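# Fold and contact review
One-letter residues, chain by chain:
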Amino acid sequence: MGMSRDGIPRWLWMRAEDVVEASLRGLDRGKVFVVPGAVYKLIVMLEKVVPRWVSARVVVGAAKRKK
């Protein structure tokens with residue numbers, strides 16, 4: 001994808017093999033959307049309960065740090 005990993009902690013990256021494996025398991029179970037990995041499942045869960053303005057601040061803060 002040409003995406004830079006700079007600024008993203010190493011522990012947030014998953015091996016492609018693990019993502020594919022989780023996706024195929026989900027497909028076997030008839031799932032259209034699959035969230036692989038415990039860290040990402042936690043992030044998705046928190047995203048549902050955290051107020052939108054908090055999420056927006058986190059995203060804006062991350063974007064400013066990249067500049």
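Reading guide: rules and limits
- Note on numbering: residues in each chain are counted from 1, in written sequence order.
- Confidence filtering applies because this is a predicted model: local features only for residues at pLDDT of at least 70, side-chain atom pairs given and counted only at 80 or more, and all residues used for totals across whole chains, interfaces and linings.
- Water and hydrogen atoms play no part in the side-chain values, which are based on all heavy atoms of the structure.
- By the criteria applied, helices consist of DSSP H or I runs no shorter than four residues and strands consist of E runs no shorter than two, each listed in order from the N terminus.
- Salt bridges are counted wherever a side-chain nitrogen of Lys or Arg sits within 4 Å of a carboxyl oxygen of Asp or Glu.
- Relative accessibility under 20% of the residue-type maximum defines a buried residue, over 50% an exposed one, and the middle range a partly exposed one, all with a 1.4 Å probe and only protein chains included.
- Patch definition: residues with relative accessible area over 30% and no salt bridge; like charges joined within 9 Å; nonpolar side chains (Val, Leu, Ile, Met, Phe, Trp, Tyr) joined within 5 Å.
- Note on areas: these come from Shrake-Rupley sampling with a 1.4 Å probe, and a residue is covered only by the protein chains present in the view.

### Structural notes on the environment of Gly2
Turning to its location among the elements, Gly2 is positioned in the segment before α1 (16-28). Placed 20 residues apart in sequence, Gly2 and Ala22 show a C-alpha to C-alpha distance of 23 Å.

### Side note on the pattern of salt bridges
A full pass over the atoms with the stated rule returns three salt bridges. Ionic pairing is found between Arg15 and Glu17, a salt bridge with its closest N-O pair at 3.9 Å. Residues Arg15 and Glu17 agree in their burial class; the two are exposed. Across the pair Arg25 and Glu21 runs a salt bridge whose closest N-O atoms are separated by 2.9 Å. Separated by four residues within a single helix, Arg25 and Glu21 lie in helix α1, roughly one turn from each other. Classification of Arg25 as partly exposed rests on a relative accessible area of 39%. What makes Glu21 partly exposed here is its relative accessible area of 46%.

### Details of a nonpolar patch on the surface
Side chains of Leu42, Met45, Leu46 and Val49 sit close together on the surface and give an oily, nonpolar patch of about 390 Å² of accessible area. By secondary structure assignment, the location of Leu46 is in helix α2 (residues 38-49).

Keep in mind that these numbers describe shape and distance, not what the molecule does.
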